[in-house]
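Analysis of the macromolecular model
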Amino acid sequence: MARIIVVTSGKGGVGKTTTAAAMAMGLALRGYRTSVVDFDVGLRNLDLIMGCERRVVYDFVNVINKEANLRQALIRDKRCDNLYILPASQTRDKEALSKEGVGEVLEELSQDFDYVICDSPAGIEKGAYLAMYYADDAVVVSNPEVSSVRDADRMIGILASKSRRSELNEEPIKEHLLLTRYSPKRVEKGEMLSVDDVLDILALPLLGVIPESQAVLTASNEGLPVVLDEKSDAGQAYRDAVSRYLGEELPHRFIYNEKKGLFGRLFGG
């Protein structure tokens, strides 16, 4: 049976889809059969970031409505044989998703995959609720700003109280925090919260800190999960996050501003 992971946040634009794509590719590259499901019905961005938008024939809603089977809708990634994408519909609204339908699809995926990643839409409406309802693990994504952290805190409360695990009095969803668009220079200037500030508020295990990076936007525009960019700080940070999720103990990087040495200070290097 697969482990079901929801990538969620309260606020939009924090990097959930980037994170879902990076985590899915990272797990697949480690040898795990992984599928990633786009729950953002009506918008659909995951296929763009995964670079498979022209290969979409059937979608998540088609499978729920029995208009196509799962095998027809799943798109195999061309770069990694272990990774499959289930795109959202652009022509329906979130009411097209039902708890029973989502449960059936996730159950079927769980038979064939090691990990199923649910890319949640922003907010706390139906799509976001269904994305997290069946989860075993949650990656709560937040930017280091007050409004984003407050919304993430709200989502943590919902994860604890409205999931299937809470309804059945089972072990709670295992929650992880991923901090994105982090800039040590801006932290030093007091323009954003520090890692410690966020941890004091949210009190979740820190899965990773993703630095603010042009590489994220470049990779998204090229249809490449940024985790494939091994030279970028963001790509390395996502690889570290995947390793930590799998139980490896790694120090956190990209948290502090690098201090220039003597020659750097003298010559501006």
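A brief look at the structure comes next.

1. A few points about helix 6 (residues 126–133)
- Of all 8 residues making up helix 6, 6 are buried, and the element is well covered by its neighbours.
- Restricting attention to buried positions, one finds in helix 6 the residues Gly127, Ala128, Leu130, Ala131, Met132 and Tyr133.
- If you follow the buried residues of helix 6, they end up packed against strand 1 (3–8), helix 5 (99–112), strand 5 (115–119), helix 7 (146–161) and helix 8 (164–167).
- Of the residues flanking the start of helix 6, the one acting as N-cap is glutamate 125, its side-chain oxygen 2.8 Å from the backbone nitrogen of glycine 127.

2. Examining helix 1 (residues 16–29)
- Over its 14 residues, helix 1 extends 20 Å from the first C-alpha to the last, a length consistent with the 20 Å expected when each residue adds 1.5 Å.
- The buried count for helix 1 comes to 13 of 14 residues, which makes it a mostly enclosed element.
- Remark: glycine 31 follows helix 1 within two positions and exhibits a positive phi of approximately 100°.

3. What about the pairing of strand 7 (residues 174–182)?
- With respect to burial, strand 7 is a largely interior element, 7 of its 9 residues being buried.
- Pairing of strand 6 (residues 137–142) with strand 7 involves 6 bridges; the strand directions are parallel. Directly across from valine 139, in strand 7, lies its bridge partner histidine 176.
- In terms of strand pairing, strand 7 meets strand 8 (residues 206–211) through 4 bridges, oriented parallel. For tyrosine 182, the partnering residue across the bridge sits in strand 8 and is proline 211.

4. Considerations on the sheet that holds strand 2 (residues 34–38)
- Here we have 8 strands laid out as an open sheet, ordered 3-4-2-5-1-6-7-8, and mixed in their pairing. The open sheet has two edge strands with one neighbour each: strand 3 (75–76) and strand 8.
- Contacts from helix 1 reach strand 1, strand 2, strand 4 (83–86), strand 5, strand 6, strand 7 and strand 8, with the element oriented near 170° to strand 5.
- Against the sheet, helix 10 (residues 195–202) engages strand 7 and strand 8, with an angle of about 150° to strand 7.

5. Section: the pattern of salt bridges
- One pass over the full model with this rule turns up 11 salt bridges.
- Here arginine 186 and glutamate 212 are joined by a salt bridge, their closest N and O atoms 3.7 Å apart. Separated by 26 residues along the polypeptide, arginine 186 in helix 9 (residues 184–188) and glutamate 212 in the loop between strand 8 and helix 11 (214–221) bring together distant segments of the chain.
- Residue class for arginine 186 comes out partly exposed when judged on its relative accessible area of 32%.
- The partner of aspartate 240 in a salt bridge is arginine 253, and the shortest N-O contact between them spans 3.0 Å. A residue pair is termed long-range when its members are at least 10 positions apart, and aspartate 240 in helix 12 (residues 233–245) and arginine 253 in the loop between helix 12 and helix 13 (262–267) qualify at 13 residues.
- Judged by its relative accessible area of 12%, aspartate 240 is buried.
- Overlapping salt bridges, with partners in common, bring together Arg186, Glu191 and Glu212 in one network.

6. Some remarks on the packing of helix 1 against helix 12
- Between helix 1 and helix 12, the shortest axis-to-axis distance is 9 Å and the interhelical angle comes to 65°. Note on packing geometry: the crossing formed by helix 1 with helix 12 is right-handed. In contact with Thr18, Thr19, Ala22, Met23, Gly26, Leu27 and Leu29 of helix 1, helix 12 contributes Tyr238, Arg239, Val242 and Tyr245.
- Tallied by class, the residues present in the contact of helix 1 with helix 12 amount to 7 nonpolar, 3 polar and 1 charged.

7. A short note on the environment of phenylalanine 254
- Within the secondary structure, phenylalanine 254 sits in the loop between helix 12 and helix 13.
- For phenylalanine 254, a relative accessible area of 19% puts it in the buried group.
- If we skip the residues at most four places from it in the chain, phenylalanine 254 touches Tyr182, Pro184, Val209, Pro211, Asp233, Gln236 and Ala237.

Thresholds, definitions, all that
Residues numbered from 1 in each chain as written. Predicted model: local features only at pLDDT ≥ 70, side-chain atom pairs only at ≥ 80, totals over all residues. Heavy atoms only, no water. Buried < 20%, exposed > 50% of the residue type's maximum accessible area, 1.4 Å probe, protein only. Helix = DSSP H or I, 4+ residues; strand = E, 2+ residues; numbered from the N terminus. Contact = heavy atoms within 4.5 Å. Polar contact = N/O pair within 3.5 Å; in protein donor to acceptor, adjacent residues only side chain to side chain. Expected span 1.5 Å × (residues − 1). Pairing = 2+ DSSP bridges. Axes fitted to C-alpha atoms, helices over the stretch in contact; angles between N-to-C directions. Salt bridge = Lys/Arg side-chain N within 4 Å of Asp/Glu carboxyl O. Left-handed = near helix turned anticlockwise from the far one by under 90°. Nonpolar A, V, L, I, M, F, W, Y, C, P; charged D, E, K, R; others polar.

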